[in-house]
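Report on the structure
Here is what each chain is made of, one letter per residue.
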Amino acid sequence: MNIIKFTFSGSFFDKLLKFSILIAVIAFITSCGAERKKNDRDRFFLLGNEALKGNDNKEAIRLYTEALALDNDYADAFNNRGIAHMKRGDAASALLDFNQAILIDAENLSYVWNRAEAYAGANRYDKAINDITVVRKAFPDSARVYFSEGVIHFQFKEYQQAEAAFTESLMRDNSNGEAYINRGTVRYYLNKLDSAQSDLEQGLLSHSEEGNAWNTLAMVASAKGNNTKGLDLINKAIDISPNEAYFLNNRGYVYLQLDSLEKAVEDIDASLLRDPQNAWAYRNKGIYYYKAGNFEEALRLLTRAESMDSQMAEVHLWLGKAYLAMGEKEKACKALGAAEQTAEVLKLVNENC
C-alpha cells in the first residue's frame with residue numbers, strides 16, 4: 001500500500017464566492033450617490049473576488065485588506081480573505097479571518113463551514129468536527145456538507161466515519177464524481193478493494209482528468225496483485241500531473257513490486273526531491289535498499305519513515321524483515337508484533353519469534 005493524495009472539493013468555496021459577489025454587486029449598485037468610502041470599499045471587495053477567482057490569492061488578500069481598512073465590520077471581506085489564506089495553505093491566518101467574520105455575523109453558517117475546513121487544515125480535529133456538525137444540523141439534506149465532513153474525517157484517519165459521510169453525500173447527490181472518488185479512496189484504505197475500484201471507476205466517468213483517481217486505482221490494482229495494470233494506471237496519473245511527488249512515489253512502489261529496482265529508485269528520488277517530507281517515500285526507498293541487499297541503509301530509512309508516521313502500512317513488516325536480515329531477532333519480533341497480522345507477518349513470527 002502507499003500514500004494517496006485525497007481529492008478536496010472546492011465547490012463550496014466557489015458557491016460562497018458567488019454568493020459574496022452577489023451581495024457586493026447589490027451593495028455597489030444601491031450605493032450610488034452615497035459616501036465615496038463605501039464605494040471604494042465595495043470596489044476593493046469586487047476586485048478581490050476577481051483575483052480570488054483567478055487564483056491570484058496574494059493579490060486577493062491585499063484587496064480585501066484594503067476593503068477592510070475602509071470598513072472593519074465587513075464580514076464578507078473577512079470571510080473571503082480567509083478563503084484566500086486557505087488557498088495559500090495558511091490555515092492559521094484563515095482562522096483569524098473566519099473567527100472575525102463570525103463575530104460580526106454569527107448567523108451566517110457559511111463562515112462556520114469555512115472555519116471547519118480551516119480547523120482541519122490546522123489539525124484541530126475537535127474544533128473542525130464541532131463546526132461541521134453545527135452546519136450539518138442546520139442543513140441535514142445538504143450533500144456538500146456531508147462531503148466536507150467526509151474530508152475532515154479522512155484527514156484525521158477516521159476512515160469508517162469518512163466512508164459513512166461520503167455515502168450520505170451520495171445518497172443526496174449521486175451525480176458527484178468527486179464523492180465517488182473520495183469514497184473509493186477511503187475504501188482502499190479500509191481494504192475494501194472491489195468496492196473501491198467500483199467507486200473510482202464511477203467517479204472517473206465524469207472526472208477523467210482527475211489524477212488522484214487514476215493514482216488510487218493504480219494502488220487498488222497493485223494491492224490485488226496486478227502490478228502491470230497498476231503501472232499502466234499510475235502512468236495515466238503522471239500524464240496528467242508529471243511533477244506530482246505522490247504519483248512518482250507510487251509508481252516507484254509499483255516498480256518495486258515488479259522488481260524493476262533502478263526504475264523504482266529513480267522515481268522515488270524524484271519524489272523526494274519534490275517533497276522531502278513524504279514519509280512514504282522514505283519507506284519505499286528503504287524497501288528498495290532491502291531488495292538491493294543493503295540492509296543497513298534499508299533499516300536507517302525504514303526507521304526514519306516509521307518515526308514520521310508510525311501508522312504507515314507495511315512499514316513494520318519491512319522493519320522486521322530488515323532487522324532479521326541484520327541478525328537482530330528481538331527488534332525484528334517487536335516490529336513484526338506492531339505490523340498488520342497478514343499471512344506473511346504471521347509466517348515470519350512463527351519462524352523467528
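Residues numbered from 1 in each chain as written. Predicted model: local features only at pLDDT ≥ 70, side-chain atom pairs only at ≥ 80, totals over all residues. Heavy atoms only, no water.

**Describing the overall build of the protein**
Summing up its helical and strand segments, the protein has 20 helices and zero strands in all. By principal-axis analysis of the C-alpha atoms, the protein measures approximately 85 × 40 × 35 Å. Within the protein, the proportion of its 353 residues that are buried is 53%. A separation threshold of at least 6 residues defines the contact pool for the protein, and within that pool the share at least 24 residues apart is 52%. Separation between the mean location of the 41 positive side-chain charges and that of the 49 negative ones in the protein comes to 1 Å. (Helix = DSSP H or I, 4+ residues; strand = E, 2+ residues; numbered from the N terminus. Buried < 20%, exposed > 50% of the residue type's maximum accessible area, 1.4 Å probe, protein only. Contact = heavy atoms within 4.5 Å. Lys, Arg positive; Asp, Glu negative; His and termini not counted. Charge placed at Lys NZ, Arg CZ, Asp CG, Glu CD.)

**What about the state of the cysteines?**
According to the stated counting rule, one finds one disulfide in the structure shown. The disulfide partner of C333 is C353, and the gap between their sulfur atoms is 1.9 Å. Across the disulfide from C333 to C353, rotation about the S-S bond amounts to roughly -100 degrees, and the bridge is consequently left-handed. In this pair, C333 is assigned in helix 19 (residues 329–338) and C353 in the segment after helix 20 (343–352), connecting sequence segments 20 residues apart. (Disulfide = S-S within 2.5 Å.)

**Concerning unusual backbone geometry**
Positive phi, close to 65 degrees, is recorded for N191, a residue that is not glycine. Look at N191 and you get partly exposed, because its relative accessible area is 45%.

**Some details on the layout of surface pockets**
In this model, the second largest pocket occupies a volume close to 190 Å³. T303, E306, H316, L319, Y323, K331, K334, A335 and A338 are the residues that line the second largest pocket. Elements with a minimum of two residues in the lining of the second largest pocket: helix 17 (295–308), helix 18 (315–325) and helix 19. The element best represented in the lining of the second largest pocket is helix 19, accounting for four residues. Each residue belonging to the lining of the second largest pocket can be placed in one class, and the counts come to four nonpolar, two polar and three charged. (1 Å grid on protein atoms, 1.4 Å probe; cavity = no way out; pocket = protein on both sides within 12 Å on 5 of 7 lines; lining within 4 Å. Points joined across faces, edges and corners; volume = space filled by probe spheres on them. Nonpolar A, V, L, I, M, F, W, Y, C, P; charged D, E, K, R; others polar.)

**Quick notes on helix 7 (residues 125–138)**
If you check helix 7, its first and last C-alpha atoms are 20 Å apart, about what 14 residues at 1.5 Å a residue would give, namely 20 Å. Among the residues making up helix 7, those that are buried are A128, I129, D131, I132, T133 and V135. Buried-residue contacts for helix 7 involve helix 6 (109–121) and helix 8 (143–155). (Expected span 1.5 Å × (residues − 1).)

**Some details on the packing of aromatic side chains**
The full count for this structure, using the stated rule, is eleven aromatic pairs. Seen from their ring centres, F45 and Y74 are 4.9 Å apart, and the 35 degrees between their planes marks the pair as tilted. Residue F45 is located in helix 2 (residues 36–53), and its partner Y74 is located in the loop between helix 3 (57–70) and helix 4 (75–87); the two are separated by 29 residues in the primary sequence. Each of the two residues, F45 as well as Y74, counts as buried. With centroids separated by 5.0 Å and ring planes inclined at 65 degrees, the aromatic side chains of Y125 and F156 adopt a geometry described as edge-to-face. Taken as a pair, Y125 in helix 7 and F156 in the loop between helix 8 and helix 9 (159–172) lie far apart in primary sequence, 31 residues in all. On the basis of relative accessibility, which here comes to 25%, the residue Y125 falls in the partly exposed class. Through a chain of ring-to-ring contacts, three or more aromatic side chains come together here, namely F154, Y159, Y188 and Y189. (Phe/Tyr/Trp six-rings, centres within 6.5 Å; stacked < 30°, edge-to-face > 60°.)

**Regarding the side chain of S271**
Its location among the elements puts S271 in helix 15 (residues 261–274). On the basis of relative accessible area, S271 is assigned to the buried category, the value being 0%.

**Some remarks on the side chain of D97**
Mapped onto the fold, D97 is located in helix 5 (residues 91–104). Non-local contacts of D97, meaning those with residues more than four positions away in its chain, are made with F78, R81, G82 and H85.

**Looking at the packing of helix 11 (residues 193–206) against helix 12 (residues 211–223)**
Two numbers describe how helix 11 lies on helix 12: the axes approach to 10 Å, and their chain directions differ by 155 degrees. In this view, helix 11 runs roughly antiparallel relative to helix 12, as classed from their interaxial angle. Crossing angle aside, the handedness with which helix 11 passes helix 12 is left-handed. Contact residues: L193, A196, Q197, L200, E201 and L204 in helix 11; A213, W214, T216, L217, V220 and A223 in helix 12. Considered class by class, the residues forming the contact of helix 11 with helix 12 number nine nonpolar, two polar and one charged. (Axes fitted to C-alpha atoms, helices over the stretch in contact; angles between N-to-C directions. Parallel < 35°, antiparallel > 145°, perpendicular 65-115°, else oblique. Left-handed = near helix turned anticlockwise from the far one by under 90°.)

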